Amino acid sequence: MNLLLVFLDGVGLGDDDPERNPFARYRRLTIESLLQPSPGGPAPPPTTQSRTFASIDANLGVEGLPQSGTGQATLFTGINCAKIVGRHYGPFPHSSTRAALAEHNIFKRVNGVAGASSAFANAYPPRFFEVMSARDRW
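A.B. asks: Describe in detail the packing of aromatic side chains, supporting the description with residues and values.
C.D. replies: Considering all chains together, one arrives at six aromatic pairs under this definition. On the numbers, 6.2 Å between centres and 85° between planes, the contact of Tyr124 with Phe129 is edge-to-face. With relative accessibility at 30%, the residue Phe129 sits in the partly exposed group. Taken together, the ring pairs in this structure connect Phe76, Phe107 and Phe120 into an aromatic cluster.

Pasting the structure below:
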C-alpha cells in the first residue's frame, strides 16, 4: 500500500468572502479543483474510498494567529505543539517541540514498520537547507 500525505501550508478553506479568500474570489480555483486527476476534468469529491480531504482547525485551541512552526510540528507528530509552546510560533519549530519531533514524527514512525519507508519532499531551494543547518533549526 502506498500513502501520500500532502500538506499545503498557509492554504485554508476560509469563508465565502471574495475580499479575503482567493478561493471565493476566483470561483474556478477551489481546493477540489486542485485535486483534479487531469486538467479540465471534473473535480473529484473531497473524500472517496481511496482519498480523504479534511479541513483542520489551525488554531489548535490556542489563541492567536496560527503559525507554520507549531502547525507543521503538530501535523508531523500528531501532538498539539502550539499547546506545548503555549502560543503559536513560526516559521520554524519552537525549541520546546524538539523532543516531540524527535520521538513522534510521522516519518520516523513509518520507517521500519513492516518494511515501510517514508520520504519528505518540499520545494525549498538548497540555500534554505544551508542556512537552516547553520542555525540548527532542525
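A.B. asks: Explain the pattern of salt bridges to me, using residue names and the numbers behind them.
C.D. replies: This model, assessed by the stated rule, comprises one salt bridge. A salt bridge links Arg127 to Glu130; the shortest N-O distance between them is 3.5 Å. Highlighted residues: Arg127 and Glu130, both in helix H7 (residues 126–134), separated by three residues, approximately one helical turn. On the accessibility criterion, Glu130 (48% relative accessible area) is partly exposed.

A.B. asks: A description of unusual backbone geometry should follow, citing residues and the corresponding values.
C.D. replies: At the junction of Gly90 and Pro91, the peptide bond is cis and its omega measures out at 15° in the coordinates. Positionally, Pro91 belongs in the loop between helix H4 (81–85) and helix H5 (98–104). Backbone geometry places Leu60, a non-glycine residue, at a positive phi of 55°. Backbone geometry at Ala114 places phi at a positive 50°, although glycine is not the residue there.

A.B. asks: I'd love a proper account of the side chain of His88, names of residues and values included.
C.D. replies: Following the sequence through the fold, His88 ends up in the loop between H4 and H5. Under the relative-accessibility criterion, His88 is labelled buried at 9%. In this structure the side chain of His88 is engaged in a polar contact, spanning 3.3 Å, whose partner is the backbone oxygen of Asn59. Reaching out from His88, the side chain makes a polar contact with the backbone oxygen of Val62 at a distance of 2.9 Å. Sequence-distant contacts of His88, that is, excluding residues within four places in its chain, are made with Ala58, Asn59, Val62, Glu63, Gly64, Leu65, Pro66, Gln67, Thr70 and Ala82.

Parameters at a glance
- Residues numbered from 1 in each chain as written.
- Predicted model: local features only at pLDDT ≥ 70, side-chain atom pairs only at ≥ 80, totals over all residues.
- Heavy atoms only, no water.
- Phe/Tyr/Trp six-rings, centres within 6.5 Å; stacked < 30°, edge-to-face > 60°.
- Buried < 20%, exposed > 50% of the residue type's maximum accessible area, 1.4 Å probe, protein only.
- Salt bridge = Lys/Arg side-chain N within 4 Å of Asp/Glu carboxyl O.
- Helix = DSSP H or I, 4+ residues; strand = E, 2+ residues; numbered from the N terminus.
- Polar contact = N/O pair within 3.5 Å; in protein donor to acceptor, adjacent residues only side chain to side chain.
- Contact = heavy atoms within 4.5 Å.

Function cannot be inferred from these measures alone, as they are strictly geometric.
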